[in-house]
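A closer look at the structure
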Amino acid sequence: MSKTWKKGLTLMAASVMLTGVVAGCSSNNNEGGNTQSSSNGGNAAATNATNEDASKNPEKAPLEPITYTMNTTDEKLTWDTPIQKIFTEKTGVSLKYDLIVGEETQKQDLWLASGDYPDVMAMGPTEVQKYKDGGALIPLNDLIDQYGPNIKEKFGEYFNLLKDEDGKIWSIYGVNKSREAKADASANFIIQYDVLKEAGYPQIKTLDQLYDILKAYKDKHPQIEGKDTIGFSGAMTGWQVNIEYNNPIISASGLPDHGNFRIDGNGQVEYNPVSEDAKKYYSFLNKLYQNGLYDKEAFSQDDLSKKLAQGRVLAAYAPKWMVGNVETQFRLDGHPERQYAYLPLFFSDDTADQSNTVVPTFAGSLQWAVTTSAKNPERFIQFIDYLFSDEGQILSQWGIEGTHYEVKDGKRTLLPAELEARKNDPDHGTKEGFTSNGTGSGSWFNVGDGAKLSDGDYATPLTKDYQLSLYDDMTKEVLAKYGKQTWADFLPPAQVVPGYLWQVSPPENINLQAKKIEEAWKKYLPKLIMAKNATDFDSSWDGMKSTMEKAGLQEVNGAYTDLWADFNAKFKATIGE
Amino acid sequence: MFVRRSIGDVAFSIMNYTVLLVLGIATLFPFLNLAAISLNDAGDTLKGTIYVWPRVFTLENYSTIFANEGLAAAAVRSVIRTVVGTVLGVLCTAMLAYALSRREFFLRKPFNIILIITMYVNGGLIPFYLLVKNIGLMNHAAVYILPMLIGVFNVIIMRSYFEQLPEGIVESARIDGASDFQILFRIVLQISLPVLSTITLYIAVMHWNSWFDNYLYASRNENLNLLQYELQKILISSVNQVMSANTHIDATDARRTNPETIRAAMTIIVTLPILLVYPFLQKYFVKGMTFAAMKE
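Cut-offs applied
- Residues numbered from 1 in each chain as written.
- Chains lettered and ligands numbered in written order.
- Predicted model: local features only at pLDDT ≥ 70, side-chain atom pairs only at ≥ 80, totals over all residues.
- UniProt positions renumbered as here; feature names shortened; annotations may be inferred.
- Helix = DSSP H or I, 4+ residues; strand = E, 2+ residues; numbered from the N terminus.
- Buried ≥ 20, exposed ≤ 12 C-beta atoms within 10 Å, placed from the backbone.
- Contact = placed C-beta atoms within 7 Å.
- Rg over C-alpha atoms; globule rule 2.2 N^0.38 Å.
- Core = buried A, V, L, I, M, F, W, Y, C linked by C-beta atoms within 7 Å.
- Domains from an automatic or database assignment.
- Nonpolar A, V, L, I, M, F, W, Y, C, P; charged D, E, K, R; others polar.
- Arc of directions from axis to C-beta.
- Pairing = 2+ DSSP bridges.
- Axes fitted to C-alpha atoms, helices over the stretch in contact; angles between N-to-C directions.
- Parallel < 35°, antiparallel > 145°, perpendicular 65-115°, else oblique.

By the naming in an unreviewed UniProt entry, chain B is Sugar ABC transporter permease, taken from Paenibacillus glycanilyticus. Of the comments in the UniProt record for chain B, the one headed Sequence similarities (unreviewed entry) reads "Belongs to the binding-protein-dependent transport system permease family." Looking at the Subcellular location (unreviewed entry) heading of the UniProt record, one finds this comment for chain B: "Cell membrane".

Named according to an unreviewed UniProt entry, chain A is ABC transporter substrate-binding protein originating from Paenibacillus glycanilyticus.

Dropping the structure here:
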């Protein structure tokens, strides 16, 4: 008994002393240097060298290793990678991942209830609120003030956006320094290369032009590999209904994506599926249907990408993430001509494209919060601060010089071997350490693809050059016909918006009305698209409109208009405009 | 008359066979479909429309799964858990059921009521989690066995079966000087094979399939990972891969796994052992269930 007690005391004393040493060194390095110089006396040259060293590398003090636990759902994440090894060298910090294999929020709730949560949690805003209310989080304001100069510098004028309504910072995420379309961005209307080729690569800007080339192609090729050619497809059952029957209307109007709503210049919010533009889009689909170009199975399928994978869908509305895997398969199968061009299409030639928008921060489903379990939370903030520094940015996004990238003509460039590995090994990022729990855009507090660091070079490798290196020959050829290099070149420059309507928690008092309106939409959609003639279409349209109006369309629009005004006012107040 | 009746008979037989055949196919189809998908190329499966025969045959889905380190160890753990859990579970269920089946047991009524209450009312997930934590079962192998030791439904089935055994058997054994344990193990259980095998199968399948307690209570101890949990990990990493492949531009040329084929192959892998055992227990299984049902 007494022996263990003694041992414990010694250990404690040792650790207190050690902490003292580390704190002394790291918090006031210059002073340390000075003390050394006075004690060293005569040897001026040596002193100078030490001093210089200290001022160059304020982190030089031997860092006591410290390990933080953190939740993840990515079973492949590990700290045993070349890049993470350097993180630890520079900051002393290691992460140990606590894997959640089942339902994430359920486990997070249980952790909160029982108090055995990890030191750091990556979670969405709702969970952050829960943890905050449960007293499980540490407010980060003071820690960032003291230990986070790089965090403050990178956030700049948007720093206050990190703060909750109570003025405290409960979680941290990336900030978007980029104001250009990401090199891998693309419009969402897709058209098969072969269709464009047969039509002689025409400039198409409107849905009517799309109709003409689809019709021409299908008349010439009624079948593709023994199966009926499908002009245009969609997916009406399941959650993709919003992507297929709401989003294209927004895109074709050239508006930013606010979910199922559109916002006019005066801040008036309108339910999009019953807008005048919606009528135009549904009559376009109706025209496709009447002429046998619309997929008859669209009404009963829930996953469009499965249909696209068959290679016989000529065009559709499909975001890149729905098509990526499918196109890989086409290439592997030796059918590059079945890949898709991503073109912005509009209702008319003079539609102004304002669809490309960016938000200033990457608040989202994986915000990092420090819990009360964490010992020495300042060490973790120092770690995050390192990641926000230019050195940390380069290391976490570009990797190690000589291993992953080189500086060629003053520009960081990924090495050929690295490019090859990225192309062929889906786990490459995890193995090398590029992957982390997300922080909004990519990993490790990425400041936005297309953003530049203080050295004037790109912050992440996702640049135009990189994107170009990944295209296959046919893609390059098609792009060249249009005088472009990437699909992103079809997009206008990005505008900063405070946020999107779908990110704001919806108003609660109109739940029932909103539900009835959505039901009416889903009920009338097939009727509109399958209408036999113009009168039939008009009567369905009027039916849908009056059902929605009866269900409380005005109230819903009004509630969202207020919500949006309120959100914008808060945003302006926060950044101090 | 005769002719007519036989026409009716024939019609009935035809109807009978058709209905049964349709029913049989309807039950078999999902399984065959999974088997076909699990043997079909991952990329090709993206195109859908695989029914009962693979279009591009491959064993790659299985090799993807079996390539995972830790899978074999997890499978061994799962087998151990199933064996230990089943033996202990059946033993405890039988002892409790026997006690509750004896009319002379004076706490029989209150015990029955208490047990049945637990079938309808429970503390919920969070209290249960806290209980497991506070009695020190967190990340401990016992968490797989202890909380699942008694299933009330199983106890009721077994009790009902015991109750319909002729009372004289137990009485005569008692007159011959047998203790309660001797009566249970030497006599009652010997003549209760149908219900024993039914309960054994129930408990064994429950243990074999369970992964929830692994995820909830034992996820921080890698030495306790079970087969189902490891398979779930493989599935999730396949889903993650597709998601990140679709959102990032990396790995444009890599042949990827497809969660759909992985899931199918997983299902086949975990169902096979049960399929192999089931036929041997089946004849008792039906008997055990019907006996118990009759009595109640």
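So that's the structure; there's more coming.
**Section: the overall build of chain A**
Looking only at helices and strands, chain A features 24 helices and 16 strands. For chain A, the residues scored as buried account for 40% of the 577 residues in total. In chain A, the proportion of contacts linking residues at least 24 apart, taken out of those at least 6 apart, comes to 76%.

**A word on the overall build of chain B**
Along its length, chain B carries 13 helices and 0 strands. Beginning at the N terminus, the succession of helices and strands in chain B can be written as α-α-α-α-α-α-α-α-α-α-α-α-α. Over its C-alpha trace chain B gives a radius of gyration of 25 Å, far above what one expects of a compact globule, namely 19 Å for 296 residues. When each of the 296 residues of chain B is scored for burial, the buried share is 31%.

**Quick look at the nonpolar core**
In a soluble, globular protein the nonpolar side chains are often hidden away together inside. All names here are of chain A. Residues Ile 190, Ile 191, Leu 214, Leu 314, Ala 316 and Ala 341 are the most contacted members of the largest nonpolar core, which totals 81 residues. Here the element with the most residues in this core is helix H22 (residues 511-529); it accounts for 8 residues. When residues of this core are assigned to domains, at least three fall in each of domain 2 (66-180 + 361-468) and domain 3 (189-347 + 500-575). In this view, Ile 191 contacts Leu 196, Leu 210, Leu 314, Ala 315, Tyr 340, Ala 341 and Leu 343; residues no more than four positions away in its chain are not counted. Residues Ile 83, Tyr 131, Ala 374 and Phe 445 belong to the second largest nonpolar core, which totals 49 residues.

**Examining the domain arrangement of chain B**
Residues and elements named next belong to chain B. Here chain B is described as being made up of domain 1 (1-66) and domain 2 (69-295). Counting from both sides, the interface comprises 14 residues of domain 1 and, opposite them, 15 residues of domain 2. Going through the elements one at a time, helix H1 (2-38), helix H2 (42-45) and helix H3 (60-66) are the ones with two or more residues in the side of domain 1 that touches domain 2. Here the side of domain 1 that touches domain 2 gets 5 residues from one element, more than from any other, and that element is H3. Residue composition of the side of domain 1 that touches domain 2, by class: 8 nonpolar, 6 polar and no charged.

**A closer look at the interface of chain A and chain B**
It is common to give the size of an interface as the accessible area lost on bringing the parts into contact. Across the contact, 30 residues belong to chain A and 32 residues belong to chain B. The element that contributes the greatest number of residues to the side of chain A that touches chain B is helix H15 (residues 320-332) of chain A, accounting for 7 residues. Partitioned by chemical class, the residues of the side of chain A that touches chain B number 10 nonpolar, 11 polar and 9 charged.

**Considering helix H4 (residues 82-91) of chain A**
Residues and elements named next belong to chain A. Every buried residue belonging to H4 is among Ile 83, Gln 84, Phe 87 and Thr 91, and all of these are buried. When H4 is viewed along its axis, its buried side chains cluster within an angular range of 95° and face the same direction. Check the buried side of H4 and you find it contacts strand E2 (93-99), helix H16 (377-388), helix H17 (390-398) and helix H19 (428-432). Gly 92, located one to two residues past H4, shows a positive phi value of around 80°.

**Structural notes on the UniProt feature "transmembrane region" (unreviewed entry) in chain B**
Residue and element names in this part refer to chain B. The sites that carry the UniProt feature "transmembrane region" (unreviewed entry) are, in the present numbering, residues 12-32, 79-99, 111-130, 142-162, 183-205 and 262-281. Across residues 111-130 one finds 80% helix and 0% strand; the C-alpha atoms that close the span lie 25 Å apart. What you have in residues 262-281 is 100% helix and 0% strand, and the ends, taken at the C-alpha atoms, are 30 Å apart.

**Quick look at the sheet that holds strand E11 (residues 340-343) of chain A**
Residue and element names in this part refer to chain A. Spatial ordering of the open sheet is given by E7-E10-E4-E11, a layout of 4 strands whose pairing is mixed. On the outer flanks of this sheet lie strand E7 (230-233) and E11, each paired with one strand and no other. Sheet twist, expressed as the average angle between the axes of neighbouring strands with direction ignored, equals 20°. Relative to strand E10 (residues 313-317), strand E4 (residues 189-192) is paired through 3 bridges, and the arrangement is antiparallel. Across the sheet, the residue bridging to Ile 191 is Ala 315, located in E10. Contacting E4, E7 and E10, helix H10 (residues 207-220) crosses the sheet at an angle of about 155° to E10.

**As for the packing of helix H7 (residues 152-163) of chain B against helix H10 (residues 193-209) of chain B**
Residue and element names in this part refer to chain B. One can describe the packing of H7 onto H10 by two numbers: an axis separation of 10 Å at closest approach and a directional angle of 175°. By the criterion of interaxial angle, the relationship of H7 to H10 is roughly antiparallel. Residues Asn 154, Ile 157, Met 158 and Tyr 161 of H7 form the contact with H10, whose own contacting residues are Val 195, Thr 198, Ile 199, Tyr 202 and Ile 203. Its residues placed into classes, the contact of H7 with H10 shows 7 nonpolar, 2 polar and no charged.

**Description of unusual backbone geometry**
Residues and elements named next belong to chain A. The phi angle at Tyr 201 is positive, at roughly 45°, despite the residue not being glycine. Here Tyr 201 is to be found in the loop between helix H9 (193-198) and H10. Under the C-beta neighbour-count criterion, Tyr 201 is labelled partly exposed, with 15 such atoms within 10 Å.

**Things to note about the environment of Ile126(B)**
On the secondary structure map, Ile126(B) appears in helix H6 (residues 125-134). Judged by C-beta crowding, with 14 C-beta atoms within 10 Å, Ile126(B) ranks as partly exposed. Once the C-alpha coordinates of Ile126(B) and Thr82(B) are considered, the two residues, 44 residues apart in sequence, prove to be 26 Å apart. Contacts of Ile126(B), omitting those with residues within four sequence positions, involve Leu110(A) and Ala113(A).

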